[in-house]
Amino acid sequence: MIVRSIDQISGTDRTVKAKTWESRRLILARDRVGFSLHDTVLYAGTTTDMWYANHVEAVYCVAGSGQLINKETGETYDIAPGTMYLLNGNERHTLTCHTDLNMVCVFNPPLAGPETHDANGTYPLMTESVSEVAS
Ligand code: 9YT
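Predicted, not measured: the structure shown is a model, and the values here were computed from it.

Definitions and cut-offs
Residues numbered from 1 in each chain as written. Predicted model: local features only at pLDDT ≥ 70, side-chain atom pairs only at ≥ 80, totals over all residues. Heavy atoms only, no water. Pairing = 2+ DSSP bridges. Helix = DSSP H or I, 4+ residues; strand = E, 2+ residues; numbered from the N terminus. Axes fitted to C-alpha atoms, helices over the stretch in contact; angles between N-to-C directions. Near = heavy atom within 4 Å. Polar contact = N/O pair within 3.5 Å; in protein donor to acceptor, adjacent residues only side chain to side chain. Areas by Shrake-Rupley, 256 points an atom, 1.4 Å probe, with all protein chains shown as cover. 1 Å grid on protein atoms, 1.4 Å probe; cavity = no way out; pocket = protein on both sides within 12 Å on 5 of 7 lines; lining within 4 Å. Sits in = over half its atoms within 2 Å of the grid points. Nonpolar A, V, L, I, M, F, W, Y, C, P; charged D, E, K, R; others polar. Patch = residues over 30% accessible without salt bridge, like charges linked within 9 Å, V, L, I, M, F, W, Y side chains within 5 Å. Salt bridge = Lys/Arg side-chain N within 4 Å of Asp/Glu carboxyl O. Buried < 20%, exposed > 50% of the residue type's maximum accessible area, 1.4 Å probe, protein only. Contact = heavy atoms within 4.5 Å.

Before going further, it helps to spend a moment on the sheet that holds strand β8 (residues 84-87). Read from one edge to the other, the open sheet built from six strands follows the order β1-β2-β3-β10-β5-β8, with strand pairing classed as antiparallel. Lying at the two open borders of the sheet, with one neighbouring strand each, are β1 (15-17) and β8. Direction aside, neighbouring strands of the sheet carry axes that sit 20 degrees apart on average. Across four bridges, strand β5 (residues 56-63) lies against β8 in antiparallel orientation. Across the sheet, the residue bridging to A58 is L86, located in β8.

Given below as structure tokens:
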């Protein structure tokens, strides 16, 4: 069993900051369970373009409000506590934050740890051996 808190991973390589968000990566590839689990805060007033070409991601909103656009279809969705979206088709999407948005995110395959978005909003596919080096 693993028990781990946000406080314990603050200031470690499990906490990754980008321009529009901060991700606390509670479970990573090095934990060897087949997925990663992140507590993410996206900052109020920001818009983030993303395209997880190499991963499936489920995102569950626990606090805040915003708007999601599926760039493949043009559909828009209100994001609020209790709403989940699942990127099961590598969809390009945009998330706009009306307030700070607190999201719980699950990635498969699991992230290795240091991933941030490239110019396309994509995370690289990092291997287990890379994640071992990072641990
Ligand atoms: C909702 C979303 O994808 N935000 C970007 C950060 C990402 N979820 C992460 O690495 O935690």
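Let us keep going from here.
Let us look at the site of the ligand. Surveying the vicinity of the ligand reveals 14 residues, the closest of which are S23, R25, H38, T40 and Y123. The contact in question runs from an oxygen atom of the ligand to an N or O atom on the side chain of H38, over 2.9 Å. When the ligand is considered free in solution it has 310 Å² of accessible area, and contact with the protein chains removes 100% of it. Judged by the fraction of its atoms near the pocket grid, the ligand is located in the largest cavity. Taken together, the elements giving at least two residues each to the shell around the ligand come down to β2 (21-27), β3 (36-42) and β10 (101-108). Of the residues contributing to the shell around the ligand, the split by class is eight nonpolar, four polar and two charged.

Together, V56, Y60, V62, M84 and L86 give the surface a local cluster of nonpolar side chains, amounting to about 420 Å² of exposed area. Listed by contribution, the elements that provide at least two residues to the nonpolar patch are β5 and β8. With three residues, the single largest contributor to the nonpolar patch is β5. Positionally, V56 belongs in strand β5. Judged by its relative accessible area of 35%, V56 is partly exposed.

This next bit is on the environment of E72. Turning to its location among the elements, E72 is positioned in the loop between β6 (66-70) and β7 (76-79). Taking relative accessible area as the criterion, E72 reaches 46% and is therefore assigned partly exposed. In this structure the C-alpha to C-alpha distance between E72 and E91, which are 19 residues apart in sequence, comes to 6.3 Å. When sequence neighbours within four positions are dropped, the list of residues in contact with E72 reads N90, E91 and R92. A polar contact is formed between the side chain of E72 and the backbone nitrogen of R92, at a distance of 2.9 Å.

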